[in-house]
Amino acid sequence: MSLRVYNTLSRQKELFETVAPGKVGMYLCGPTVYKPPHIGHMVGPVIFDAIKRYLTFKGYRVSWVVNITDVDDKLIEAAHKQQTSIAELAAKYTGQYLKCLEDLGIDTIDHFPKASEHIAEIIDMCRRLIESNHAYEADGNVWFSVNSDPRYGTLSNRAAESQEAGGRALGGSGKRQAADFALWKTAKEGEPSWKAPWGQGRPGWHIECSAMSMKLLGETFDIHGGGMDLLFPHHENEMAQSECCTGKPFVRYWLHNGLTRIRTKLAGGQWADEKMSGSLGNVVSARELIDQYGPELLRYFLLSTHYRRPIEFTDEVLENNRKALGVFDRLWQRVARLCGKDWDHGTADMDQAANDLLAGEDADFVQRVLELKMKFMEMMDDDFNTAGAIAVLHEAAGAVNGFIEQNALERGGPGSDSRRGAVVAAALTMQKLGRVLGLFRFHSPAASAAGQDQLAEALMQLLIELRAQARQSKNFALADAIRNGLTQRGVSLEDRPEGTVWSRTGG
């Protein structure tokens, strides 16, 4: 199957063809570490972690870079307000960011370059741009001349006049045109600075990413990602300065994820969805969300929307995602009851077991699971459609549950023993595909089914028996109170012909 990705530069889906056969260089803009990470900082890493996992699944060798911006106006200002050093503040929030990534299972990033460690590359890039008349020095500052690049604006479809200087005002800086942007800024007292041919100073924001990405991935690499809010001016400026410096295409495919939106109550009592941002004061702490909802649910939530669409962040949406994720938890538990608590230690998924199973009476079920696997890959090959891929996993869960019920496997129906092998193979296939997205990794199916301690199991069986007795005596109010009380505490009951079973809801 051929992978096609939506390229922001061409505004259409394109066949994915890498610079070097079999290899992928991928860069994602990371945070400016002047404040604690919020959920918006996790969106890109979760999405591109899934993208890297899928590319690896397809056989590519992927090198993924996420930068840390530790030289910036906002960081300098925050350190001054908190009466601490810039290095200490950057180290503090970098540590918090990396811990959130770790807790969310984002463990496929290969490099975390810091701007402060690439000053030599930044100075060299400034020099090359000056020598080629794409930049100029004035009063210790170095400016990129936007008019020197006839292609400027092609990425964002924005005019040069929309350019913002970015950061602090640079009075008396010798800037020739309003659209020109800073590559190097002369230092003020108390600010971090490095020696350059133009005097003491520090880099501008945009050139940091260009220098770091090209140092680690080459002058032309495959994928550059980031939020839609970075498209202009940041990515537009990155592309302009990089291509003017090297004379080569900077990036083959620009991928931009939608922004996180949150529902906010207005003064008049009405509700409105608005972009989540620090400037609006409506950000939600990543640490608090991970602790409250757990990594599995947050990953599922962020991947349940196509990456180019906005992510609607509300308690209601999270709760709906919790219920949807619970479908898989209940299926793993059901398979464990049917096939043994160690079923997930098996090695034969549906691909491996297909030759034997297709020759048996359950060939239709086997074929259905294999078709759903192909459908999963078709979704991911269509611009990394994780939302569609998750929908396919739900189809597969329905197929497995239906197969169990139609053949009365839990009641020892005909051929139950041999058919359990098909159930395990199907469930292992779902596990394998889910892990391509980074799902189903935070606890094993066996632990989900068998991790209840004996006391909890005994107490639940007692409540189930009391509820059954209440129903037999037509005390429906008590029976409903038991069910509702358990539901409020994250426990669901499911009445089946063979008896009532319980499970913890997803999350």
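Residues numbered from 1 in each chain as written. Predicted model: local features only at pLDDT ≥ 70, side-chain atom pairs only at ≥ 80, totals over all residues. Heavy atoms only, no water.

Caption draft 1: Structural view of the nonpolar core. Within the largest apolar cluster, 101 residues are counted, with the highest numbers of intra-cluster contacts made by Phe16, Phe48, Leu55, Phe328, Met350, Phe376 and Phe384. Setting aside residues up to four positions removed in sequence, Phe376 forms contacts with Ala389, Val392, Leu393, Leu433, Val436 and Leu437. Grouped together as the second largest cluster of nonpolar side chains are 41 residues, Val71, Ile119, Cys126 and Ile207 included. (Core = buried A, V, L, I, M, F, W, Y, C linked by side-chain atoms within 4.5 Å. Buried < 20%, exposed > 50% of the residue type's maximum accessible area, 1.4 Å probe, protein only. Contact = heavy atoms within 4.5 Å.)

Caption draft 2: View of the pattern of salt bridges. Following the criterion strictly, the structure yields 33 salt bridges and no others. For Asp73, the salt bridge is made with Arg202, and the minimal N-O distance between the two is 2.6 Å. Within this pair, whereas Asp73 is found in helix H2 (residues 73–81), its partner Arg202 is found in strand S8 (residues 201–203), the two being separated by 129 residues in sequence. The salt bridge partner of Arg322 is Glu319, with a shortest N-O separation of 3.4 Å. You can see Arg322 and its partner Glu319 sitting in helix H9 (residues 315–339), three residues apart, about one turn around the helix. Its relative accessible area of 19% is what places Arg322 among the buried residues. The network of salt bridges with common partners includes Asp49, Arg53, Asp107, Arg299 and Arg441. (Salt bridge = Lys/Arg side-chain N within 4 Å of Asp/Glu carboxyl O. Helix = DSSP H or I, 4+ residues; strand = E, 2+ residues; numbered from the N terminus.)

Caption draft 3: How the structure looks around the packing of aromatic side chains. Counted according to the given criterion, the structure contains 14 aromatic pairs. Considering the side-chain rings of Trp184 and Trp198, the 6.0 Å spacing of their centres and the 55° angle between planes classify their relative orientation as tilted. Taken together, the residues span a long stretch of sequence, with Trp184 in strand S7 (residues 181–186) and Trp198 in the loop between S7 and S8 at a distance of 14 residues. Under the relative-accessibility criterion, Trp184 is labelled buried at 0%. On the basis of relative accessible area, Trp198 is assigned to the buried category, the value being 16%. Between the aromatic rings of Phe328 and Phe440, the centroid separation amounts to 5.2 Å while the plane-to-plane angle is 55°, which identifies the pairing as tilted. Of the two residues, Phe328 sits in helix H9 while Phe440 sits in the loop between helix H13 (416–436) and helix H14 (445–450), which places them 112 residues apart along the sequence. In this pair, the class of Phe328 matches that of Phe440, namely buried. Taken together, Tyr27, Phe221, Phe250 and Trp254 form an aromatic cluster joined through their ring pairs. One cation-aromatic arrangement involves Arg176 over Tyr136; the distance from NZ or CZ to the ring centre is 3.9 Å. (Phe/Tyr/Trp six-rings, centres within 6.5 Å; stacked < 30°, edge-to-face > 60°. Lys NZ or Arg CZ within 6 Å of the ring centre and 35° of its normal.)

Caption draft 4: Geometry of the pairing of S7. Within S7, five of the six residues are buried, which leaves the element mostly enclosed by the surrounding structure. Bridge analysis of strand S6 (residues 141–144) against S7 gives three bridges, and the strand direction is antiparallel. Counterpart to Val142 in the pairing with S7 is Trp184. In terms of strand pairing, S7 meets S8 through three bridges, oriented antiparallel. Bridge pairing links Trp184 to Pro203 in S8. (Pairing = 2+ DSSP bridges.)

Nothing here speaks to function; it is all geometry.
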